[in-house]
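Residue-level structure breakdown
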Amino acid sequence: MGIFRLTSSSFVSPLIDADTANSPAFITGAQFFKAINASLPFLPTKLSNSTLEAMVHKNLYTYPDFMNYAVKIGNITTPDEMAMYLANVLYQSNGLTINYDPICEKPKSSNCLSLGLNATVFGSQVNYYGRGYLWFQGQSAYNDCTRDLFGDDSTLLLYPDAIRFSSTMNWATTAWYWRRFVKPNMSTFGSTVKLIRPDHCNGSSAEPKPEATAAWNIYMEILKILAPTSPPSSSYC
């Protein structure tokens, strides 16, 4: 795949590097937080003041991870694509407050196990439920991701929960998912929603589902921040 690989230095006090800062898709920290704030009225679940405060504090430190990996791993190259990416991430993660499938908040619960994503790997039972802000799932996806990002066959297969608890792993795998599964097949904003959450689309632009409408509204608000003169992409999915 030829993408940026994670090393031990990737986990130490990240800063925006020169290649990222010079990308046409680069956005400032101020724009990042404006985008988060613009998404709040359209999120699936309204955030309490305490949750908002915790989210803002956390993302003061995760912005460099977001920006570096969106460019270096996600291969996002334009402001419009960045708006699509960030809109999907913000909607799917409920404002960057959850980076796993909520059904699997307790991975050993019957609801989570019923998804059928368990597998035996190196003699251990591992549940490959949706993790990362875009919830990629399944042993095959985890295997491909660990090969691309680490050049091995074990890191994410053995320690998938690192995605939930490490900002670096979370943003890196989220950007990887975008590049691997969304970017090659996207044509409009609506198509990105369909590729990530097909259950949010009904195939009719005349009667869009509420979830698709909410994600579209977030995209429109972010586009005003990142590229106010760019025409919006179609919402149809």
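Just so it is clear, the structure is predicted and the values come from calculations on it, not from any experiment.

Summing up its helical and strand segments, the chain has 11 helices and two strands in all. Secondary structure elements of the chain occur, N-terminal to C-terminal, as α-α-α-α-α-β-β-α-α-α-α-α-α. Radius of gyration (C-alpha) of the chain: 17 Å, near the 18 Å computed for a compact globule of 237 residues. Overall size of the chain, expressed as C-alpha extent along the three principal axes, is 55 × 45 × 40 Å. Per-residue burial for the chain yields a buried fraction of 49% across its 237 residues. Considering only contacts within the chain whose residues lie at least 6 apart along the sequence, 69% involve residues at least 24 apart.

Applying the stated criterion across every chain yields a total of two disulfides. Note that Cys 104 is cross-linked by a disulfide to Cys 112, the S-S spacing being 2.1 Å. Classification of the bridge connecting Cys 104 and Cys 112 rests on its S-S torsion, roughly 95°, and on that basis the disulfide is right-handed. A residue is classified by how much of its surface remains accessible, and Cys 112, at 0% relative accessible area, is buried. Covalently, Cys 201 is tied to Cys 237 through a disulfide, its sulfur atoms 2.1 Å apart.

Examined bridge by bridge, strand S1 (residues 118-121) and strand S2 (residues 124-127) share four bridges and lie antiparallel to one another. Paired with Ala 119 across the strands is Val 126, a residue of S2. Where S1 folds back onto S2 in an antiparallel hairpin, the turn is made up of two residues, including Phe 122, whose phi is positive at roughly 50°.

Moving on: helix H11 (residues 210-226). Compared with an ideal rise of 1.5 Å per residue, which puts 17 residues at 24 Å, H11 spans 24 Å between its outermost C-alpha atoms and is within 8% of the ideal. Of all the residues in H11, the buried ones are Ala 212, Ala 214, Ala 215, Trp 216, Ile 218, Tyr 219, Ile 222, Leu 223 and Leu 226. Looking at the packing, one finds that the buried side of H11 touches helix H2 (29-39), helix H4 (79-92) and helix H10 (189-196).

The next subject is the side chain of Thr 62. Relative to the elements of secondary structure, Thr 62 occurs in helix H3 (residues 49-72). A relative accessible area of 6% means that Thr 62 is categorised as buried. In this structure, Thr 62 is in contact with Ser 167 and Trp 171, ignoring residues within four places of it in sequence.

Caution applies to low-pLDDT regions: their predicted coordinates should not be interpreted in detail. Averaged over every residue, the pLDDT of the chain is 90; residues scoring 70 or more account for 93%. Within the chain, the element-level pLDDT minimum falls on H3, averaging 85, and the maximum on H4, averaging 97.

Here we take up unusual backbone geometry. For Phe 122, which is not glycine, the phi dihedral falls at a positive 50°. Following the sequence through the fold, Phe 122 ends up in the loop between S1 and S2. One non-glycine residue with positive phi stands out, namely Trp 135, at about 55°. Here Trp 135 is to be found in the loop between S2 and helix H6 (139-150). For Trp 135, a relative accessible area of 17% translates into the label buried.

Here we take up the nonpolar core. Nonpolar side chains tend to gather and get buried jointly when the protein is soluble and globular. Within the largest apolar cluster, 63 residues are counted, with the highest numbers of intra-cluster contacts made by Phe 32, Phe 66, Met 82, Tyr 85, Leu 96, Trp 171 and Ile 222. When neighbours within four sequence positions are excluded, Phe 66 is seen to be in contact with Ile 27, Phe 32, Met 82, Tyr 85, Leu 86 and Trp 171. With six residues, the next largest nonpolar core counts Tyr 100, Cys 104, Cys 112 and Tyr 129 among its residues.

Procedures and definitions
- Residues numbered from 1 in each chain as written.
- Predicted model: local features only at pLDDT ≥ 70, side-chain atom pairs only at ≥ 80, totals over all residues.
- Heavy atoms only, no water.
- Helix = DSSP H or I, 4+ residues; strand = E, 2+ residues; numbered from the N terminus.
- Rg over C-alpha atoms; globule rule 2.2 N^0.38 Å.
- Buried < 20%, exposed > 50% of the residue type's maximum accessible area, 1.4 Å probe, protein only.
- Contact = heavy atoms within 4.5 Å.
- Disulfide = S-S within 2.5 Å.
- Pairing = 2+ DSSP bridges.
- Expected span 1.5 Å × (residues − 1).
- pLDDT = per-residue confidence, 0-100.
- Core = buried A, V, L, I, M, F, W, Y, C linked by side-chain atoms within 4.5 Å.

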